[in-house]
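The primary structure of each chain is shown beneath.
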Amino acid sequence: MPVIDIVTMRGMTPRVAPHLLPDEVAETAVDCHFDSGVISPLNDDSLVGITLPFKPVTLFHYRAEHWFAWTKHVEAVHSPVSKDPFGRVYFTDGEYPKVTNSQIATGGANKPTAWYRLGVPAPSVPVGVASVNPPAGGKDDSVTDDETRFYVDTYVTAMGEEGPPGPASGKVLIPIPDSSVTLTLSPPTMQDSNITHRRIYRSVSGGGLSDYLLVAELPVATGSFVDSLSDEQLGPVLETYNYTMPPSDMRGICQMANGICAGFSGNTVLFSEPYLPYAWPEKYKLTTEHDIVAIAAIDTALIVMTKGYPYIMQGVSPASITSQKLSQLPQACVSARSVVAMDGVVYYASPDGLVGIGASGGAVITEAMITQSQWGKLGATTLRAWHHEGRYVAISDSAGFVFDPKSGDFRSITNRWDAAYADLSSDRLVIAKGSVLHHWRGAAEANVQFRWKSKPFVVSDGSAFSCCRVLTQEPSKVGVKVWVDGVQVLNMVPGNVPAGAFRLPALRGRVWQFEVCGTAPIARITLTTSMSEMT
């Protein structure tokens, strides 16, 4: 006699016709999980104990109880410098790239409270030469000891970040050795980068080589300086020639291995000097065919998602990074906020489904389980996603779901929130509902009612399943429905389901289907034609 016996349960595979699904796969799976192989309800959210001053769009955990929040989409990263004494955070928000630090970030209710423009500008006015001052009693008695030199200056921030040099001074002729030079200095034309000092360098030639060596570091307000140093007294060589500021429209700041930060502008990918997120040399730029939507890093690789083909850019240093266009994967990114990097793979929403790209290539990983039409109904263009326990957690304007790339488990969720942050320090997904922060599924109780509907089981014509058993330790917390040939014949709400097997209405049919719901795990569901078949 036919028996329907479900001992393991899984999520949905919407692409497959319901009657062709494996027995353990659901036609509908809402607000449940299968971590133990059985149907289990989701735990409630728990309060973090923090209320923000407004409803955020983007969250970022800074330190301890300090949370940064913005009312727009923002990308933010901690400093790549180990144990950064300034506690810097770098972020891009569409206005211009910014940096904040522990001294200015947490002083107000809205955090970050203050910030500076990321990068250090080059001086726009060359160092002026007011006079060359020969030493007392000095004489110009030999042309062979004449010296020609040039001066440049750079700006330095309060955190020791040095920018590129400005234009060189006019040629300075020193006809008498040991002469001093009086220099005039102009104030910065822009002062939103926290500039506090300037460094003066002068050219030195010898051994067939020439370079600029440090003369002095001065407060930026200093208007003049007398250089009386000999060549032997000069400091280190100027090293910041190419330390360009990032462009104002740079977005997507993220951190690769080896302290390299990346961002993008239009169809150009930019890379910083290692461990110097304020310096973005022009020589490191790479371009793509289409405009870039988002970028994400996995180890030494950067996955670049565009309005056309994705790219993989790899290298251990910014000078060695190479670009590979994935021409076999014509999948545009339709939502920058859908991008999630986890377990060495970057996932993003494309028109055809969820794409996964690793260091060796990529594919539409949901192609076998969901059609393009079904994917579109999930609201791919408004998708926002995060990672939690190896799963892709996403909500859109029209749907919510959890996808496990390893098992292929796919299930719907009804919970909604305004912003979220995958907090690695606590291994929790922190969500903002309005202005109140919660830990997603953080409570000990599971009061979220799940719903799991089986596939339609097609049996021999005229079969009569007369007995049913829902195996659970808390039968009072679960309910069950049964359909025969598309007609609902049973509806037992939570509190009415017996602890053991029970009789079904005396009916015959060819297509049988059932649904369970509740707030307690269900380990097994069995339908038989007689009580003796129950095992």
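Note: the structure precedes this text.
S.K.: Any chance you could explain the nonpolar core here in plain terms?
M.R.: Nonpolar side chains in soluble globular proteins tend to end up buried together. Counting residues in each nonpolar core, the largest one holds 51 residues, and the members touching the most others are I39, Y392, W452 and I525. With sequence-adjacent residues up to four places away left out, I525 is seen in contact with I4, D5, I6, M9, I39, W452, R469, F514 and V516. With 18 residues, the next largest nonpolar core counts L52, W67, A69 and Y421 among its residues.

S.K.: When you look at the sheet that holds strand β12 (residues 128-133) in this model, what are you seeing that I'm missing?
M.R.: Pairing between the strands of a sheet is mediated by backbone hydrogen bonds and can be parallel or antiparallel. The strand order across the open sheet built from three strands is β12-β16-β19, with neighbouring strands paired in antiparallel fashion. Each edge of the sheet is formed by a strand with only one pairing partner; in this case those strands are β12 and β19 (224-227). Each strand of the sheet is rotated relative to its neighbour by a mean of 20 degrees, with strand direction disregarded.

S.K.: Help me out: how do you make sense of the pairing of strand β36 (residues 419-423) in this one?
M.R.: β36 sits mainly inside the fold: five of its five residues count as buried. Alternating positions in β36 separate into two faces, A419, Y421 and D423 on one and A420 and A422 on the other, with burial throughout. Across five bridges, the pairing between β36 and strand β37 (residues 428-433) is antiparallel. In the sheet register, A420 faces β37, and the bridge partner there is I431.

S.K.: Looking at this structure, how should I read the environment of V511?
M.R.: Of note, V511 is situated in strand β45 (residues 509-518). When its relative accessible area of 28% is taken as the criterion, V511 is described as partly exposed. Residues in contact with V511, not counting those within four places in the same chain, are P456, F457, V458, W483, V484 and D485.

S.K.: Which parts of the structure should I look at to understand the packing of aromatic side chains?
M.R.: Aromatic ring pairs are reported here in terms of the distance separating the ring centres and the angle at which the planes meet. The final tally for this structure, using the stated rule, is 18 aromatic pairs. A ring pair is formed by Y392 and F401, whose centres lie 6.2 Å apart and whose planes are at 25 degrees; its orientation type is stacked. In this structure, Y392 and F401 share a single accessibility class: buried. A connected cluster of aromatic rings, assembled from ring pairs, spans F60, Y62, W67, F68, W70, F91, W115 and Y421. Directly above the aromatic system of Y96 lies the positively charged group of R117, at a separation of 4.1 Å from the ring centroid. Of note, K455 hangs over the ring of F457, and the distance from its end group to the ring centre comes to 5.3 Å.

S.K.: Sorry, what's going on with the pattern of salt bridges here?
M.R.: Oppositely charged side chains are able to pair whenever their charged atoms sit close together. Evaluated as defined, the whole model comprises 27 salt bridges. A salt bridge links K406 to D343; the shortest N-O distance between them is 4.0 Å. With K406 in the loop between β34 (400-403) and β35 (410-412) and D343 in the loop between β28 (340-342) and β29 (345-349), this residue pair connects regions lying 63 residues apart in the sequence. Given a relative accessible area of 71%, K406 falls into the exposed group. Since its relative accessible area comes to 54%, D343 is described here as exposed. In this structure, the salt-bridge partner of R451 is E515, at a minimum N-O distance of 3.4 Å. On the criterion of sequence distance, the pair formed by R451 in strand β39 (residues 450-453) and E515 in strand β45 is long-range, its members being 64 residues apart. Judged by relative accessible area, R451 falls into the partly exposed class, the value being 36%.

S.K.: Explain the side chain of N415 here, please?
M.R.: Following the sequence through the fold, N415 ends up in the loop between β35 and β36. Judged by relative accessible area, which is 18%, N415 ranks as buried. A polar atom in the side chain of N415 sits 3.2 Å from the side chain of K433. Apart from residues no more than four positions distant in its own chain, N415 is found in contact with D31, D45, I395, I431, K433 and W440.

Reading guide: rules and limits
- Residues numbered from 1 in each chain as written.
- Predicted model: local features only at pLDDT ≥ 70, side-chain atom pairs only at ≥ 80, totals over all residues.
- Heavy atoms only, no water.
- Core = buried A, V, L, I, M, F, W, Y, C linked by side-chain atoms within 4.5 Å.
- Buried < 20%, exposed > 50% of the residue type's maximum accessible area, 1.4 Å probe, protein only.
- Contact = heavy atoms within 4.5 Å.
- Pairing = 2+ DSSP bridges.
- Helix = DSSP H or I, 4+ residues; strand = E, 2+ residues; numbered from the N terminus.
- Axes fitted to C-alpha atoms, helices over the stretch in contact; angles between N-to-C directions.
- Phe/Tyr/Trp six-rings, centres within 6.5 Å; stacked < 30°, edge-to-face > 60°.
- Lys NZ or Arg CZ within 6 Å of the ring centre and 35° of its normal.
- Salt bridge = Lys/Arg side-chain N within 4 Å of Asp/Glu carboxyl O.
- Polar contact = N/O pair within 3.5 Å; in protein donor to acceptor, adjacent residues only side chain to side chain.

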